[in-house]
Structure formats: C-alpha cells, structure tokens
Amino acid sequence: MQTVLLINGPNLNLLGQREPETYGYQTLKSVEEALTARAASLKLTLHCRQSNHEGVLIDHVQSAGRTAAFAIINPGALTHTSIGLRDAFLAVGLPFIEVHLSNIHAREPFRQHSYLADIAAGQIMGLGPVGYRLALDAIAEKLAAAAPHSS
C-alpha cells in the first residue's frame with residue numbers, strides 16, 4: 001500500500017472550537033478518522049500529523065519524502081509565511097495538494113498569498129472538511145494513473 005501524509009499546521013488542533021463559523025464544527029480527530037477510513041477504502045495508508053511548530057512540520061515533510069507517495073497539507077497560517085516549509089517540499093520532491101477549510105482569497109489581504117501554491121499539485125479551498133476527502137480522492141486517482149499496468 002502506498003502512503004499519504006496528512007499535515008495540519010498551527011491551530012488546526014482547535015478545529016470545532018476555533019471560529020466554527022469560518023472553520024466548521026468538526027474536530028481534527030473526526031476529520032482524521034474519516035480520512036483514514038477513506039484512505040483504507042482506496043488501498044492507501046494515511047499518516048496524520050499536526051503541529052503548531054514550523055520546524056516539526058518541516059521534519060515531517062523531510063521524513064515523509066523518503067517513504068510517502070504524496071501529501072495533503074493544510075499549513076494554516078504558515079501558508080502565508082513559511083518559505084522553510086516550501087523549501088522542504090522542494091528538497092525532497094514530495095508532491096502535495098494544499099487544502100484550506102476557508103477560501104483564503106475571500107479573506108484578509110495578508111491571507112491571500114500562499115508560499116506553496118505554485119509548487120502544489122493542486123489546491124482545494126473553501127469547502128470545509130470535504131476538501132480533505134477531495135484531495136485524497138484526487139491523489140488516489142493520480143497514483144493509480146502513474147502505476148505500471150500489467151498486461
């Protein structure tokens with residue numbers, strides 16, 4: 001089975017509590033549980049990681065670059081600030097889809113720029129937690145299309 005890394009950045013551990021009108025009422029644990037079950041149904045293994053610390057997230061990307069086939073990342077506020085996270089993805093060549101619960105382009109001007117957007121395989125935003133599932137489904141399709149077919 002191929003592995004997909006799910007990374008959630010700062011403050012996403014507070015899902016369901018923090019500004020639910022913007023980020024929704026589901027907890028991160030419930031999002032991870034649903035996504036883990038979905039991954040299993042797609043014959044993928046999902047490794048879930050969350051941290052409020054940029055360096056820890058960079059370590060996860062660097063480590064997963066040796067073992068994971070793809071990643072899903074909601075970098076939270078690091079979207080708009082972290083060149084280090086961007087450089088980690090580039091350094092290990094780990095493809096990823098960037099996910100945001102809210103539409104960052106409809107928010108404050110400082111939230112409208114992503115340091116990851118131009119190197120991401122795709123972006124999904126503004127759809128709440130369903131965005132994670134859509135990213136996982138897209139990854140499953142990409143991995144299946146890239147797999148060698150036997151005759």
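In what follows, the structure referred to is the one given above.
A few points on the structure.

Cut-off values and rules
Throughout, a residue's number is its position along its own chain's written sequence, starting from 1. Only residues with pLDDT of at least 70 are given local features in this predicted model, and only at 80 or more are side-chain atom pairs given and counted; all residues enter the totals for whole chains, interfaces and linings. The basis for the side-chain values is all heavy atoms of the structure; hydrogens and waters are excluded. The helix count covers DSSP runs of H or I at least four residues long, the strand count covers runs of E at least two residues long, and both are numbered beginning at the N terminus. In this description the radius of gyration comes from C-alpha coordinates, and the expected globular size is given by 2.2 Å times residues to the power 0.38. When a residue's accessible area, from a 1.4 Å probe over protein chains only, is under 20% of the maximum for its type it is buried; when over 50% it is exposed; and in between it is partly exposed. By definition in these notes, contact holds between two residues if any of their heavy atoms fall within 4.5 Å. Only the protein chains shown count as cover for residues, with accessible areas throughout obtained via the Shrake-Rupley method and a probe of 1.4 Å. Under the counting rule used here, the positive set is Lys and Arg, the negative set is Asp and Glu, and His together with the chain ends is not counted. We put the charge of a Lys on NZ, of an Arg on CZ, of an Asp on CG and of a Glu on CD. Fitted lines through C-alpha atoms serve as axes, helices being fitted only where they are in contact, and the angles separating the N-to-C directions of these axes extend from 0 to 180 degrees. Orientation labels follow simple angle bins: below 35 degrees gives roughly parallel, above 145 gives roughly antiparallel, 65 to 115 gives roughly perpendicular, and whatever is left gives oblique. For this scheme, ten residues count as nonpolar: Ala, Val, Leu, Ile, Met, Phe, Trp, Tyr, Cys and Pro. Four count as charged, namely Asp, Glu, Lys and Arg, and the remainder, Gly too, count as polar. As used here, the arc is the angular range of directions from the helix axis to the C-beta atoms. One bridge is not enough; two strands pair if DSSP finds at least two bridges between them. A 3.5 Å cut-off defines polar contacts: any pair of N or O atoms within that distance qualifies, except that in protein one atom must be a possible hydrogen donor and the other a possible acceptor, and neighbouring residues in sequence count only when both atoms are side-chain atoms.

### Some words on the overall build of the protein
Helix and strand counts for the protein come out as 5 helices and 5 strands. Across the protein, helices and strands are ordered from the amino to the carboxyl terminus as β-α-α-β-α-β-α-β-β-α. Relative to the compact-globule value of 15 Å for 151 residues, the protein shows a C-alpha radius of gyration of 15 Å, a close match. Counting only C-alpha atoms, the protein reaches 50 × 30 × 25 Å along its principal axes. Looking at the protein as a whole, 44% of its 151 residues qualify as buried. Within the protein, contacts between residues at least 6 apart in sequence are counted, and of these 78% link residues at least 24 apart. Total accessible area on the protein is roughly 7,600 Å²; 53% of this is exposed by carbon and sulfur atoms. Charged side chains of the protein number 11 positive and 12 negative; the gap between the two group centres comes to 6 Å.

### Considering the packing of helix α3 (residues 54–64) against helix α4 (residues 83–92)
Look at α3 against α4: their axes get within 9 Å of each other, and the N-to-C directions meet at 10 degrees. Taken together, the axis directions place α3 and α4 in an arrangement best described as roughly parallel. Contacts between α3 and α4 involve E54, L57, I58, V61 and Q62 from the first element and G84, L85, A88, F89 and V92 from the second. Tallied by class, residues from the contact of α3 with α4 come to 7 nonpolar, 2 polar and 1 charged.

### Re α3
Residues lying three or four places apart along an α-helix face the same way, a consequence of the helix completing one turn every 3.6 residues. Those residues of α3 not exposed but buried are L57, I58, V61 and A64. Buried residues of α3, seen end-on, are gathered within an arc of 135 degrees and therefore sit on one face of the element. Taken together, the buried residues of α3 touch β1 (2–8), β2 (44–50) and α4.

### Points about the pairing of β1
Along β1, 6 of the 7 residues are buried, which leaves the element largely enclosed by surrounding structure. Sheet analysis places β1 next to strand β3 (residues 70–74), joined by 5 bridges and oriented parallel. Counted as the bridge partner of V4 is F70 from β3.

### Remarks on the environment of L101
Counting through the fold element by element, L101 comes out in the loop between β4 (96–100) and β5 (122–125). Separated by 71 residues in the primary sequence, L101 and S30 place their C-alpha atoms 14 Å from one another. Sequence-distant contacts of L101, defined by excluding residues within four places in its chain, comprise L12, L15, Y23, N74, G126, L127, G128, P129 and Y132.

### A closer look at the environment of N8
The residue N8 is located in strand β1 in this model. The buried category is assigned to N8, whose relative accessible area is 0%. When the C-alpha atoms of N8 and H105 are compared, they prove to be 19 Å apart, with 97 residues separating the residues in sequence. Discounting chain neighbours no more than four positions away, the residues touching N8 are L28, R49, Q50, S51, L57, N74 and Y132. Among the polar contacts listed, one links the side chain of N8 to the side chain of Y132, at a separation of 2.5 Å.

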